[in-house]
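# Results of the structural survey
So the chains spell out like this:
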Amino acid sequence: MADWVRPPLVPAAIAAGVILVAGQAYERQNERLHQSEIQASAATDLGLIGARLEGAINRNAAALRGLANLYAANPQHAAGKFDLVAGRLLDQNPQFRRFAAAPGGLVAQTFPRAGSETSTDSMHDSAFRIASGRNRTVDGPVMLGPAPLPDGSRGFNLVIPVVDTDGGASAFWGYVAGVIDESRLYAAAGLTHSADGRLEGGKKLSVSIRDVSRPGARQEPFLGDPDIFATEPVRLVVEFPGGRWELAAIPIEGWQSPSDDVSQIRLATAAAAFIILLPIFLAGGLVGERQRHIAGMKARETLIRSLSQRLDLALEASKTGIWEVALIDRRREWDRQMYLLHGLGEDEPPSHAMWRAAVHPDDLAEAEEAVEAAIAARSSYWSQYRVVLADGSTRHIRSVGSCLTIDDEVKLTGISWDVTEDVLLNERLKAAKEQSDRQKDALIKITQRLDMALDAYKCGLWEADLDEGLTLWDDRTHQLYGVPNTGERVTHQTWLNAIHPEDRAEAKAKANQCIESGEAYLRKSRVLLPDGTIRHVQSVGKLHVAPDGKRKFVGLAFDITDDVLMTEQLMQKNVELEQAKNRIEHNSLHDPLTGLGNRRKLDQHLEALAATGAAGGTTVGLLHIDLDRFKQINDTLGHAAGDALLVHAANILRDCVKPGDLVARIGGDEFVVVTGSNDPAELTALSQRIIGLMRQPVDYEGHTCRFGVSIGIAVGDGPAIDTRKLLVKADIALYRAKAQGRSRHEFYNAVLEAEVIRNKRIADDILAGIENNEFVPYYQPQISARTLELAGAEVLVRWQHPRDGLLTPDSFINVAEDLNVTATLDRTMLERALIDCSLWATKGIIMPKISVNVSARRLRDETLVESLTGLCILPGQITFELVESIFLDETDDVVLRNIERIKELGIDIEIDDFGTGHTSIVSLLKLRPKRLKIDRQLVEPMLTSQHERALVRSIIEIGRSLGIEVVAEGVETMAHAEMLSALGCDLLQGFAFAPPLSRDEFRSFVLEHRWKAAS
């Protein structure tokens, strides 16, 4: 017994060492197991929270999409039902706080209206701007927030764009939005904390959430401690319509919290080292400890099962089913609600074939394509299809989902719900609208036909009673025959007496013949009117026998005098046309003023050259010539002087070309020379000779006229000359010559064509941009130099290009001027600025004045004042800047008259870029503008240049002496501002205070008084 109690020291030591090593190994393994359990528990709890959060948001988005569908089907009807539908949605979805509808991005309707609407309207406006910045043609919601609410709480703004399908065509209508209460949303996801800091259900987690909807732009967390993301948390990405959130969680006690049984393990290990003879007891203790761990795991599984059952009850109550599709083998998993939605029994597991059998055949291909596309791209999934139930009825189901990685397996997971009522409602609305449209179209067509018949078929009706010998005429028939209408029926003799004597016998014989034979009556007769004139009348009629045996001859008569006279005139014209045929043929090929060939002659000549080239090859040189300064001479000296110059230019061209070459006049001041040489040196010499001769002064009735020419040259040779393209190339070269300064020549090359193509693309984009409202106003504030208060702003046009982003005028204004759309842009900026001023006024911002650029072309528009009278412009609210250097010293009656009438409307005049253009002191005295604006070229160097500083001082003194305010633009630093203020400048504008700002940026700038911080 003693030997058993005291075994040999060496085996005892070995056994003790083995037990100690095993105990330490077990302690490390237990620690790792404890860490794994903490991470698994945290991941499970976070997954449940994410599923609840995604489900809550998806239900809210589905509810709001129903409201958007009403507006898409019929905006007017939906607007009338807005309060009713919004109230019902608010009762069914308690997480919502408010709904809003915004046609065109401006809030028009809200529900409920009680409370402080200003804050929530601002919240909606901000969301609509962000939604508009994204692709508004995508029919998908946008989730934004959280943002503060009027009662101090916070909420999320869910925005859905609406595409109006009313009328068959799709067009962007606006947005619908709903404010989701943040606390209610978190409560639905189980993110509320108890008094001891635990989440709902006793979860010991610290959770943080941030928005990751925009790739590459990480946002600060809006829930929880931001440092959680930096402590190796458990992460989960939740995707839902309109957003993508990343959830991170760590245990409240941290990852390194010790296991509860560390001390027990160490005590057991120590006891085992000393009590070698009790291995069974120690082993039993370890096994018991392991069983306790297993029991804890089972308890957590029971809790998860309980939460899952609650989630199932919630989904069943909302008739929402949950499904999963494994990407590897397309294995499907459905909950009970999915079976009910598809009208299937739960006696067999779901499969792709089962789902295909339930889907309506007409929707199967599109539904399968949506699933496969989401699986292939591993992106979000959206689909709507019909299922055929056992009773033959149809149910509409909408499904949304996204790809998730669960246990290293990628699955497409989502929810489905019944939207049959929404679809049927939309179909009924659409059918009602189509029926209304059809009735309206039919009514319009009938009305149009009736109007055309009444207007075009001007005829008189008659009815002859053969038994009584009397005829009933309507008013038109009396007028046709020149017989006064006494209200009584006329005799047959009255009719015969009205007809020309030479036509009476034949008319009577024809009528009797038709009455006897029953044939239709058709006769043209001359009517001798009381004033001696002759009217040609055609009558048609037919015998009609009534059921009582009475015979009546019924028909109508209409005036064909114009047709008869036209026929006679045409016969005479045929003779004259035959005589003038040769003259016309010659005139059709030649310009009557210069005697040169015209465009038709040029076309024939080019066709002949093309045919010659195709037969054996030829060379061609083509010069496109345009007279410079011709319009000024024509406008100042009259058309007679212009005609004399055209004849002079034609004579010069005739003298310069060789025999066989063609000179043609193809436009007002455009000529074309076609020569058989394509030698650049020879064509250059010809062009220089023409330019030199055209520069020589021409005397017309005592006036010395000087003009020049610009020439574009294109050459070709070989058997395949496309003369049409050659003319186009010469025109491109002419365009470059005029752009390079005129009175010169340019040869066509590929670089010129590429530039023209680029300008053509810009021009097309400009026209499309005007139609799509892509040109927006930006505002640069103007600050009072004396008080540093906001004194106004200048409106600057910006182009929100769909491909190139925000563009400044230097990238498109030249092309816009060539398109003659600068006046349109000016008018658009003025109208948009007035709208923005009205919106700012609702926020308490009253603008002292707004300066709008006006081009010289628009200032010469005689309809300018009429277009302004319909706008709501307060006196002094708007200032027109003459953006071009208009030479006002020359009398321009239209410009001066427009300026005076503009002043009468209360609009101030401001001279822009003063000191760099043509505007003179005489112009100022004549125009009397409200302000002068000193150009930035003079302002920028004045800190270092005495010359510019003295020039600026002189301009300010001129303005003061004439009672004109002075504005300085290009104020880049506060040093500029101080110096200009000391010199007596009235208003300051430049980057020292703010760059050009968008409407919302400018509103924030004014409300926050940022210019005072800058100064």
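Residues numbered from 1 in each chain as written. Predicted model: local features only at pLDDT ≥ 70, side-chain atom pairs only at ≥ 80, totals over all residues. Heavy atoms only, no water.

By the naming in an unreviewed UniProt entry, the protein is Diguanylate cyclase/phosphodiesterase, taken from Mycoplana dimorpha.

### What to know about the overall build of the protein
Scanning the protein for helices and strands turns up 33 helices and 35 strands. Across the 1015 residues of the protein, 44% fall into the buried class. Pairs at least 24 apart in sequence give 60% of the contacts found in the protein among residues at least 6 apart. As displayed, the protein offers around 52,900 Å² of accessible surface, 54% of which is attributable to carbon and sulfur atoms. (Helix = DSSP H or I, 4+ residues; strand = E, 2+ residues; numbered from the N terminus. Buried < 20%, exposed > 50% of the residue type's maximum accessible area, 1.4 Å probe, protein only. Contact = heavy atoms within 4.5 Å. Areas by Shrake-Rupley, 256 points an atom, 1.4 Å probe, with all protein chains shown as cover.)

### Topic: the sheet that holds strand β1 (residues 96–103)
Here five strands make up an open sheet; going across it, the order is β2-β1-β5-β4-β3 and the pairing antiparallel. Strands at the two margins of the open sheet, each flanked by one partner only, are β2 (109–111) and β3 (142–148). Each adjacent strand pair in this sheet contributes to an overall mean axis angle of 20 degrees, direction not counted. Where helix α4 (residues 82–92) meets the sheet, it contacts β1 and β2, and its direction lies at approximately 150 degrees from that of β1. (Pairing = 2+ DSSP bridges. Axes fitted to C-alpha atoms, helices over the stretch in contact; angles between N-to-C directions.)

### Brief notes about the pattern of salt bridges
Throughout the structure, instances matching the rule amount to 51 salt bridges. With its nearest N and O atoms 3.1 Å apart, the salt bridge here joins R210 to E246. Of this pair, R210 sits in strand β6 (residues 205–211) while E246 sits in strand β8 (residues 243–251); the two residues are 36 residues apart in sequence, bridging distant segments of the chain. By the burial criterion, R210 is buried, and E246 matches it. Between R665 and D591 there is a salt bridge, with the nearest N and O atoms lying 3.0 Å from each other. On the criterion of sequence distance, the pair formed by R665 in strand β21 (residues 662–665) and D591 in the loop between α16 (561–587) and α17 (599–616) is long-range, its members being 74 residues apart. Classification of R665 as buried rests on a relative accessible area of 16%. Exposure remark for D591: the relative accessible area of 11% places this residue in the buried category. Linked through salt bridges whose partners overlap, the residues forming this network are E794, E881, D908, E910, R931, K933 and E965. (Salt bridge = Lys/Arg side-chain N within 4 Å of Asp/Glu carboxyl O.)

### Topic: helix α6 (residues 182–189)
When α6 is considered as a whole, its buried residues turn out to be E182, L185, Y186 and A189. Relative to the axis of α6, the buried residues are bounded by an arc of 95 degrees and lie together on one face. Residue G190 follows α6 closely and has a positive phi angle near 80 degrees. (Arc of directions from axis to C-beta.)

### A look at the packing of aromatic side chains
Two aromatic rings, taken as a pair, are described by how far apart their centres are and by the angle between their planes. Here the structure, examined in full by the defined rule, presents 23 aromatic pairs. With a centroid separation of 6.5 Å and an interplanar angle of 65 degrees, the aromatic rings of Y71 and F82 are classed as edge-to-face. One end of the pair, Y71, is in helix α2 (residues 9–73); the other, F82, is in helix α4, with 11 residues separating them in the sequence. On the basis of relative accessibility, which here comes to 0%, the residue F82 falls in the buried class. Considering the side-chain rings of Y71 and W173, the 4.8 Å spacing of their centres and the 35 degrees angle between planes classify their relative orientation as tilted. (Phe/Tyr/Trp six-rings, centres within 6.5 Å; stacked < 30°, edge-to-face > 60°.)

### Some remarks on the pairing of strand β22 (residues 670–675)
Within β22, five of the six residues are buried, leaving the element largely enclosed by the surrounding structure. In the sheet, strand β20 (residues 618–628) pairs with β22 via six bridges, with the strands oriented antiparallel. Opposite H624, over in β22, you have V672 as the bridge partner. Direction of pairing for β21 relative to β22: antiparallel, over a ladder of four bridges.

### Structural notes on the nonpolar core
By size, the foremost hydrophobic cluster in this structure holds 72 residues, and its most contacted members are I850 and F880. With near-sequence residues (within four places) excluded, F880 lies in contact with L830, V852, V854, L868, I902, I907, D908, I909 and E910. If you look at the next biggest cluster of nonpolar residues, it comprises 53 residues, including L191, I209, W245 and W255. (Core = buried A, V, L, I, M, F, W, Y, C linked by side-chain atoms within 4.5 Å.)

### Structural notes on unusual backbone geometry
With the exception of glycine, most residues fall at negative phi, and the peptide bonds are largely trans. In this structure, P112 follows F111 across a cis peptide bond, with omega equal to -5 degrees. With respect to the element layout, P112 can be found in the loop between β2 and α5 (117–133). Within the chain, R629 stands out as a residue other than glycine whose phi angle is a positive 65 degrees. The residue R629 is located in the loop between β20 and α18 (630–637) in this model. Look at H1009: it is not a glycine, yet its phi comes out positive at around 50 degrees. Mapped onto the secondary structure, H1009 falls in the loop between α32 (999–1007) and α33 (1010–1014). The exposure class assigned to H1009 is partly exposed, which follows from its relative accessible area of 38%.

### Notes on the packing of α18 against helix α19 (residues 639–656)
Orientation of α18 relative to α19, taken along the N-to-C sense of each, is 140 degrees, at an axis distance of 6 Å. One way to sum up the angle between α18 and α19 is to call them oblique. Along the contact surface, α18 presents F630, I633, N634 and L637, while α19 presents H639, A641, G642, L645 and L646. In the contact of α18 with α19, the residues fall into six nonpolar, three polar and no charged. (Parallel < 35°, antiparallel > 145°, perpendicular 65-115°, else oblique. Nonpolar A, V, L, I, M, F, W, Y, C, P; charged D, E, K, R; others polar.)

### Comments concerning the pairing of β8
With eight of nine residues buried, β8 lies mostly within the body of the structure. Bridge analysis of β6 against β8 gives seven bridges, and the strand direction is antiparallel. Residue pairing for β8: L205 is matched across the bridge by P251. Relative to β8, strand β7 (residues 234–240) runs antiparallel, the two being bridged by seven bridges. Its bridge partner lying in β8, V234 is registered against A249. Counted along the chain from β7 to the antiparallel partner β8, the turn is two residues long, and its residue G242 has a positive phi close to 100 degrees.

### With respect to the sheet that holds strand β12 (residues 394–406)
Strand order in the open sheet made by the five strands is β10-β9-β13-β12-β11, with antiparallel pairing throughout. Of all the strands in the sheet, the pair left with one neighbour each is β10 (332–334) and β11 (381–388). This sheet shows a mean twist of 25 degrees between the axes of neighbouring strands, independent of strand direction. Strands in contact with helix α11 (residues 361–377) are β9 (320–326), β11, β12 and β13 (409–418); relative to β11, the strand with the most contacts, it is inclined by about 155 degrees.

### Looking at the environment of W334
Summarising the element assignment, W334 is placed in strand β10. C-alpha separation for the pair W334 and E324, spaced 10 residues apart in sequence, amounts to 6.8 Å. With sequence-adjacent residues up to four places away left out, W334 is seen in contact with I322, W323, Y339, H342, L344, P350, M354 and W355.

### Comments concerning the confidence of the model for the protein
The predicted model of the protein has a mean per-residue pLDDT of 83, with 88% of residues at 70 or higher. When the criterion is pLDDT under 50, residues 887–891 qualifies, and its contacts beyond four places in sequence or with other chains add up to 12 contacts. (pLDDT = per-residue confidence, 0-100.)

### Describing the side chain of R858
Note on placement: R858 falls in helix α25 (residues 856–859). Despite its burial, R858 pairs with no opposite charge; the closest candidate is D826, at 5.3 Å N-O. (Lys, Arg positive; Asp, Glu negative; His and termini not counted.)

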